[in-house]
Every structure is written in structure tokens, then in C-alpha cells.
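Examining the three-dimensional arrangement
Spelled out, the chains give:
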Amino acid sequence: MNSINELYHEIVMRQKTPKEGSYTTYLFSKGLDKILKKVGEEATEVVIAAKNRNREELIAESADLVYHLTVLLVEQGISLSELEVELTSRQGKISKTQDRAEITEL
Ligand SMILES: N=c1c2ncn([C@@H]3O[C@H](COP(=O)(O)OP(=O)(O)OP(=O)(O)O)[C@@H](O)[C@H]3O)c2ncn1[C@@H]1O[C@H](COP(=O)(O)O)[C@@H](O)[C@H]1O
């Protein structure tokens, strides 16, 4: 998605050149633990929105999660191309679903 590319590059810019009033700058100034906390929170909010079958909230929370995950990738020095290589390497592979423990509860 092109918008994710643009978002990624905007976040890289914020890391290189902090900007006053920028939430991304605030996250980088707080550091890894804060970014990880936000990724965890936003992931949980995605789960809750989906569980409630609330489409609008799910879209909004998914966008929050993608944004915070992108900040994390930038912080860790992982490029979108690396992510793409990993996803592409999985294409066409048969997923292994046997011998897995059943997930019975959330
Ligand atoms: N996509 C996003 C984006 N998604 C979510 N957020 C911010 O993430 C925060 C999450 O909200 P929460 O209520 O969970 O957290 P909070 O209480 O505000 O903050 P905390 O004290 O919990 O850290 C909000 O302040 C949102 O504004 C984002 N902030 C910025 N972007 C994009 O990032 C780019 C750089 O923007 P700046 O960060 O403004 O420079 C731009 O393209 C922005 O659109």
C-alpha cells in the first residue's frame, strides 16, 4: 500500500529531524518501551473491536496499530522492503494446521 510507504518515510523523517508537537517525535523521545507499550495497547484494542463486531472501531484501531507498528519497525531499523521479502517468501506455501494445539478461549 502506497500510503504505508509514505507513512514509513514520514516517520523516518521524524526520527532524523524531531518536530515540535509531533506525536511521532514524542514516541521516539520516550523510547522503545513506550513504543512497545503502545503496540500492545493498540493490538488489544483491535481484538476488542473485532470481538464486538464494531467495523468502524476496528478500522480505526487497525490504523492505530499499523501506525505504531510502523514506528516500531523504524525504531528497530527494519525497512518495508524487508517485510515485503518475508511476506513474498511465504507466498504459495501451504500453511501447516495439523498438530497444533486447539485455541479454545480468547
Ligand atoms: N498515523 C498516525 C497516527 N495514528 C495514531 N496516532 C496518534 O497516536 C496516539 C494514540 O492515541 P492514544 O489515545 O492511544 O494515546 P495518547 O493518550 O494520545 O498518548 P499516550 O500518552 O498513550 O502515548 C494519538 O495521539 C494519535 O494522534 C498517530 N500520529 C501520527 N500519525 C501519522 O504520522 C505522521 C507523522 O505525524 P506526527 O507524529 O504528527 O509528526 C503523519 O502522517 C500522521 O498522520
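Please read all numbers here as calculations on a predicted model, not as lab measurements.

1. Looking at the overall build of the protein
Helix and strand content of the protein: 5 helices and 0 strands. Along the protein, helices and strands appear, N-terminal first, in the series α-α-α-α-α. The C-alpha atoms of the protein give 16 Å as radius of gyration, which overshoots the globular expectation for 106 residues (13 Å, by more than 25%). Overall, the C-alpha framework of the protein stretches about 50 × 35 × 25 Å when taken along its three principal axes. A buried classification covers 24% of the 106 residues belonging to the protein. Total accessible area on the protein stands at roughly 8400 Å², and carbon and sulfur atoms take up 53% of it.

2. Things to note about the confidence of the model for the protein
On average, residues of the protein carry a pLDDT of 94, and 97% of them reach 70 or more. With pTM at 0.91, the complex prediction returns an ipTM value of 0.92.

3. Thoughts on the site of the ligand
In the vicinity of the ligand, 13 residues are found, and the nearest of them are E10, R14, S22, T24 and K38. A distance of 2.4 Å is found between an oxygen atom of the ligand and a side-chain nitrogen or oxygen belonging to T24. Between K34 and the ligand, the recorded distance is 3.0 Å, taken from a side-chain N or O atom to an oxygen atom. About the coverage of the ligand: the protein hides 56% of its 830 Å² of free accessible area. Of all the secondary-structure elements, those providing two or more residues to the shell around the ligand are α1 (2–16), α2 (23–30), α3 (32–51) and α4 (55–75).

4. Digging into α3
Along its 20 residues, α3 runs 29 Å from first to last C-alpha, staying within 8% of the 28 Å computed at 1.5 Å per residue. When we look at burial in α3, the residues that qualify are I35, K38, V39, E42, V46 and A49. For α3, the angular spread of the buried residues around the axis is 100 degrees, confining them to a single face. Exposed residues pointing more than 90 degrees away from the buried face of α3 are listed as D33 and K51. In this structure, the buried residues of α3 make contact with α2 and α4. Positioned one or two residues after α3, R53 has a phi angle of 50 degrees, which is positive.

5. Details of the packing of α2 against α3
At a minimum axis distance of 5 Å, the contact between α2 and α3 shows a crossing angle of 120 degrees. Relative to α3, the element α2 is oriented oblique. Every residue of α3 that contacts α2 at Y23, Y26, L27, F28 and K30 is listed here: L32, K34, I35 and K38. Here the contact of α2 with α3 is built from residues that sort into 6 nonpolar, no polar and 3 charged.

The rules behind the values
- Numbering of residues starts from 1 in each chain and follows the order in which that chain's sequence is written.
- The predicted origin of the model limits local features to residues at a pLDDT of at least 70 and limits the giving and counting of side-chain atom pairs to 80 or more, whereas totals for whole chains, interfaces and linings rest on all residues.
- With hydrogens and water excluded, all non-hydrogen atoms of the structure serve as input to the side-chain values.
- Starting at the N terminus, helices and strands are each numbered in turn, a helix being any DSSP run of H or I of at least four residues and a strand any DSSP run of E of at least two.
- The size measure is the radius of gyration over C-alpha atoms, and the globule rule it meets is 2.2 Å times the number of residues to the 0.38 power.
- Each residue gets one of three labels from its accessible area relative to the maximum for its type: buried under 20%, exposed over 50%, partly exposed in between, using a 1.4 Å probe on protein chains only.
- All accessibility values rest on the Shrake-Rupley procedure with a 1.4 Å probe; residue burial counts only the protein chains present in the view.
- As a per-residue quantity, pLDDT reports the predictor's confidence and falls between 0 and 100.
- Distances are taken per atom, and a residue is near a molecule or strand as soon as one of its heavy atoms is within 4 Å of it.
- Polar contacts here mean pairs of N or O atoms no more than 3.5 Å apart (in protein, one a potential hydrogen donor and the other a potential acceptor; neighbouring residues in sequence count only if both atoms are side-chain atoms).
- A helix is expected to span 1.5 Å for every residue after the first.
- Throughout, the arc means that of the directions going from the helix axis to the C-beta atoms.
- Contacts between residues were defined by any pair of non-hydrogen atoms, one from each residue, lying within 4.5 Å.
- Every axis corresponds to a line fitted to the C-alpha atoms, with the helix fit spanning only the stretch in contact, and the corresponding angles, defined between N-to-C directions, vary from 0 to 180 degrees.
- Convention used here: angles under 35 degrees read as roughly parallel, angles over 145 as roughly antiparallel, angles from 65 to 115 as roughly perpendicular, and any remaining angle as oblique.
- Three classes are used, and their members are as follows: Ala, Val, Leu, Ile, Met, Phe, Trp, Tyr, Cys and Pro are nonpolar, Asp, Glu, Lys and Arg are charged, and the others, Gly among them, are polar.

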